[in-house]
Amino acid sequence: SEADLLKIFCGEGDGGEKQARSIIDLLTFRTRNGVMDFPAKEKHEAFPWRYNRRESYMLRPLIRIEMDGQMNYIVSARHVVTAAENMLSRFLDGTLKVGKEQFKLINLLAERNHIKGKNFRDMVAGWLSENTALEVYDFEVKIKPHGFFKAADDKGDVDILCVDHNLKQIISIECKNTSQAKIAYEMHTEITSYIGTDAKPGMIRKHVLRDRWLKENLSQVLEKLDLKKGYTVNSIVLTKHVLPTKFLKGTDIPVYSYSEIKRGDVFALTPK
């Protein structure tokens, strides 16, 4: 019963009944009159053909039903464990779905994504240092008025800047610790987020502009890196997982996955 469930949650902390009801509400799967009866707001969070939905049994392991005028909850111990593992995985992956009004959770997820991105960047830089003959800069290279490279305005950071002296190329790498797209809608979202649409440019646009700046200001780049003439600039976007987007729509800058780079399939790097 609801009374019994409240006693269980009230015993887990000092937040009292208000906190317990908040937790129960967060974890309760909302009853609808049929699978096609979607909520009035945020219908997309209930569409069964989408992955990682807020209105999902995997994120809401409690089922609330009314019996004999009393509110009761159906709980499967096995599913609660599975749902908990799913929530933890989604949080660590930075893809946990939360409401727009849950600012503290949004900030916590942003912090998690920052950590996740830095870990991936450090992993890639370490692999390049150990397995290639590249000269790898161990810091993010800032391009702005008072940055490593001087620019009139802030052009952002180069995640990994490295130099291949054998091939005479300066390589600018933008790292993206992506999550693997699993369904068609996620691939559609990737296209709009990374590549953009006619109405709105995607995230790759800023990397294209940064690549253009490096090439247009090659003399400054060579001087700062203490290199002679003859070097060229190549920029790539490196994702943790294969980005299906690149097979559906062309990109203005090459996009490779970490596994492709390690296999040496698509990008010439002088081996150590």
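So, here's what we can say about the structure. All values derive from a computational prediction rather than experimental measurement.

Time to look at the packing of aromatic side chains. Each aromatic ring pair is characterised by the separation of its centres together with the angle its planes make. Taken as a whole and assessed by the stated rule, the structure comprises eight aromatic pairs. Residues Trp127 and Tyr258 carry aromatic rings whose centres are separated by 6.5 Å and whose planes lie at 80° to one another, so their mutual orientation is edge-to-face. Separated by 131 residues along the polypeptide, Trp127 in helix α4 (residues 103–131) and Tyr258 in helix α9 (residues 258–263) bring together distant segments of the chain. One exposure class covers both Trp127 and Tyr258, and it is buried. Seen in terms of ring centroids, Tyr137 and Phe139 are 6.0 Å apart; in terms of plane orientation they differ by 85°. Their pairing is edge-to-face. With relative accessibility at 13%, the residue Tyr137 sits in the buried group. Taken together, the ring pairs connect Tyr137, Phe139, Phe148, Phe149 and Trp213 into an aromatic cluster. Residue placement shows Lys224 over the ring face of Phe148; its charged tip is 4.9 Å from the ring centre.

This brings us to the pattern of salt bridges. This model, assessed by the stated rule, comprises 13 salt bridges. We note a salt bridge from Lys215 to Asp211, for which the minimum N-O separation is 3.2 Å. On the criterion of helical spacing, the pair formed by Lys215 and Asp211 is a turn pair, its members being four residues apart in helix α6 (residues 204–216). Relative accessible area serves as the criterion here: at 45%, Lys215 is assigned to the partly exposed category. You can call Asp211 buried: its relative accessible area is 12%.

Right, let's talk about unusual backbone geometry for a bit. Unlike most non-glycine residues, Asp68 shows phi in positive territory, near 55°. Looking at the secondary structure, you find Asp68 in the loop between β2 (62–67) and β3 (70–74). Taking relative accessible area as the criterion, Asp68 reaches 85% and is therefore assigned exposed. Even without glycine at this site, Asp226 takes up a positive phi of about 60°. Following the sequence through the fold, Asp226 ends up in the loop between α7 (218–224) and β10 (232–239).

About the cut-offs
- Residues numbered from 1 in each chain as written.
- Predicted model: local features only at pLDDT ≥ 70, side-chain atom pairs only at ≥ 80, totals over all residues.
- Heavy atoms only, no water.
- Phe/Tyr/Trp six-rings, centres within 6.5 Å; stacked < 30°, edge-to-face > 60°.
- Helix = DSSP H or I, 4+ residues; strand = E, 2+ residues; numbered from the N terminus.
- Buried < 20%, exposed > 50% of the residue type's maximum accessible area, 1.4 Å probe, protein only.
- Lys NZ or Arg CZ within 6 Å of the ring centre and 35° of its normal.
- Salt bridge = Lys/Arg side-chain N within 4 Å of Asp/Glu carboxyl O.

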